[in-house]
Amino acid sequence: MSAVALVRGLVPERAHLVYLRNVLAYKRAWRVIFSGFFEPVFYLFAAGIGLGELVGVLDFGERSVDYATFVAPALLAASAMNGSVADSTFNVFEKLKWTRLYESMLATPISARDIALGEIAWSQTRGLIYGVAFLVVATVFGLVESWAAVLALPAASLVGFAFGGLGMAATTYMRNWQDFDYVNLVTLPLFLFSATFYPLEVYPDWAQQVALVSPLYHGVELIRAATLGIWSPWLVGHAVVLTGVAAIGLTVASRRIQRLLVV
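Note that the coordinates shown come from a computational prediction; the quantities given were computed from them, not determined experimentally. (Residues numbered from 1 in each chain as written. Predicted model: local features only at pLDDT ≥ 70, side-chain atom pairs only at ≥ 80, totals over all residues. Heavy atoms only, no water.)

J.: Looking at this structure, I do not really get the overall build of the protein. What am I missing?
T.: Helices and strands together make up the secondary structure of the protein, namely 12 helices and two strands. Relative to the globule expectation of 18 Å for 263 residues, the C-alpha radius of gyration of the protein, 19 Å, shows essentially globular dimensions. Principal-axis analysis of the C-alpha atoms gives the protein an extent of 60 × 40 × 35 Å. Burial statistics for the protein: of 263 residues in total, 52% are counted as buried. (Helix = DSSP H or I, 4+ residues; strand = E, 2+ residues; numbered from the N terminus. Rg over C-alpha atoms; globule rule 2.2 N^0.38 Å. Buried < 20%, exposed > 50% of the residue type's maximum accessible area, 1.4 Å probe, protein only.)

Structure follows, in C-alpha cells:
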C-alpha cells in the first residue's frame, strides 16, 4: 500500500486532496525533502561514534549500552522533528502569506480544518521519510539491538504528526520571514536537552521537570524503547502526550486559518 493510499484511508477526502497536492508538488523537488536528514546523521558520526569512543559503555536503566547505540534513536526522533517542522513552517508560511494558496482552497468545499489536517499529514510524512532513512543508517552501523526497532517507525510518525501540528499552529502567528529565527530558538534546545545525548537521570531536578514538557523527549523515549527492546507502561503515557500535542496543534492551526482567511 502506498503512502498516498494509506493517508487516503486515514484522513477525510478533502484533507487528502490537500495532502495529494503536496505529493504532486514535490515530485519535481524530491531532493529538497532530504535536506534536513543529514544534520542528525552528522551528529551521529560526531557525537555518537566519535564521542562514543571516549564515553564507551553507558549505564541505562538496568542494562549497559554503547553510547552510539544510546544516541541513535534520539537522533532518529530528531530527524522526524526536523522534517515535520521544516514543512509545517516555511512551506506553510509561503502558502499562507505569499502565494495565498489557502485562500483559493477555501473558495472550494475544502475547509480550514481540511487544510490543517492535510498539511500536517504531509509534514508528518516528510518526518517519517527522514525517520526511515535514519533507521536504515543506524541498522547498517549496528546501532539497533532489537527486532522491535520496526516499531520506531510508527513512533517517528507520531513525533512528526505532533511537531507538524505545533509547527503549523506557530506559523499562523508569524508576521514575516524574520520570525523564523524563533523556530531554531525553540527546536535547538529541544534537540539538545530532551534526553538526546544523556539519560534524563543525570539532569538536575529542575531540568528533568523541564524536559518532561518537551514533546521530543517523549518521542525519544518511545523510539529508544523500540530500538533497545526496553518496554515499560510509561510508554503509553509518552504516546498519549504526543497524541495530545498533535490534537492541540491541529485545533489551533485550523482555527487560526479560519480566523485569518475567512471574513
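We are not done yet, so read on.
J.: Hey, could you run me through a nonpolar patch on the surface in this one?
T.: A cluster of nonpolar side chains, namely Phe45, Val132, Val136, Val140 and Phe141, defines an oily patch on the protein surface of about 450 Å² accessible area. When residues in the nonpolar patch are grouped by element, the largest group, three residues, is from helix H7 (residues 112-140). Positionally, Val132 belongs in helix H7. (Patch = residues over 30% accessible without salt bridge, like charges linked within 9 Å, V, L, I, M, F, W, Y side chains within 5 Å. Areas by Shrake-Rupley, 256 points an atom, 1.4 Å probe, with all protein chains shown as cover. Salt bridge = Lys/Arg side-chain N within 4 Å of Asp/Glu carboxyl O.)

J.: Help me understand the pairing of strand E1 (residues 57-60), please; the structure alone is not making it clear to me.
T.: Along any regular strand the residues' side chains alternate between the sheet's two faces. Burial along E1 is one-sided: Leu58 and Phe60 are buried, while Val57 and Asp59, pointing the other way, are not. Taken together, the four bridges between E1 and strand E2 (residues 63-66) define a ladder with antiparallel strand orientation. Across the sheet, residue Phe60 finds its bridge partner in E2, namely Arg63. (Pairing = 2+ DSSP bridges.)

J.: I keep staring at the packing of aromatic side chains and nothing clicks. Help me out?
T.: Aromatic ring pairs are reported here in terms of the distance separating the ring centres and the angle at which the planes meet. Inspection of the entire model under this criterion finds seven aromatic pairs. Between Phe90 and Phe180, the ring centres sit 4.5 Å apart and the planes meet at 15°, which makes this aromatic pair stacked. Here Phe90 is found in helix H5 (residues 67-98), whereas its partner Phe180 is found in the loop between helix H8 (152-171) and helix H9 (181-192), with 90 residues between them in sequence. Since its relative accessible area comes to 5%, Phe180 is described here as buried. Arranged with centres 5.2 Å apart and planes meeting at 90°, the rings of Phe93 and Phe180 form a pair that is edge-to-face. Here Phe180 lies in the loop between H8 and H9 and Phe93 lies in helix H5, a separation of 87 residues in the sequence. Three or more aromatic residues link up through ring pairs in this structure, and these residues are Phe90, Phe93, Trp98, Trp177 and Phe180. For the cation-ring pair, Arg224 lies above Phe70, with the distance from its terminal atom to the ring centre recorded as 3.7 Å. (Phe/Tyr/Trp six-rings, centres within 6.5 Å; stacked < 30°, edge-to-face > 60°. Lys NZ or Arg CZ within 6 Å of the ring centre and 35° of its normal.)

J.: Would you mind showing me how to read H8 here?
T.: Side chains of residues three or four places apart in an α-helix project in the same direction, reflecting 3.6 residues per turn. With 20 residues, H8 ought to run about 28 Å at 1.5 Å a step, and its terminal C-alpha atoms sit 28 Å apart, in line with that. By the criterion of burial, H8 is predominantly enclosed, with 14 of the 20 residues buried. (Expected span 1.5 Å × (residues − 1).)

J.: It is not clear to me how the environment of Val245 should be interpreted in this structure. Could you clarify?
T.: Inspection of the secondary structure assignment puts Val245 in helix H12 (residues 234-261). Note on Val245: relative accessible area 14%, which makes it buried. Placed 12 residues apart in sequence, Val245 and Ile257 show a C-alpha to C-alpha distance of 18 Å. Residues in contact with Val245, not counting those within four places in the same chain, are Ala162, Leu166 and Pro215. (Contact = heavy atoms within 4.5 Å.)

J.: I keep staring at the nonpolar core and nothing clicks. Help me out?
T.: Most often, soluble globular proteins have nonpolar side chains that are buried together. Of all hydrophobic cores here, the largest spans 49 residues; its most connected members are Leu44, Leu75, Phe163, Phe197, Leu216 and Ile223. At the level of secondary structure, the elements contributing two or more residues to this core comprise helix H4 (38-55), E1, H5, H7, H8, H9, helix H11 (215-228) and H12. The element best represented in this core is H5, accounting for 14 residues. Membership of the second largest hydrophobic core comes to 19 residues, among which are Leu96, Ala112, Ala116 and Met168. (Core = buried A, V, L, I, M, F, W, Y, C linked by side-chain atoms within 4.5 Å.)

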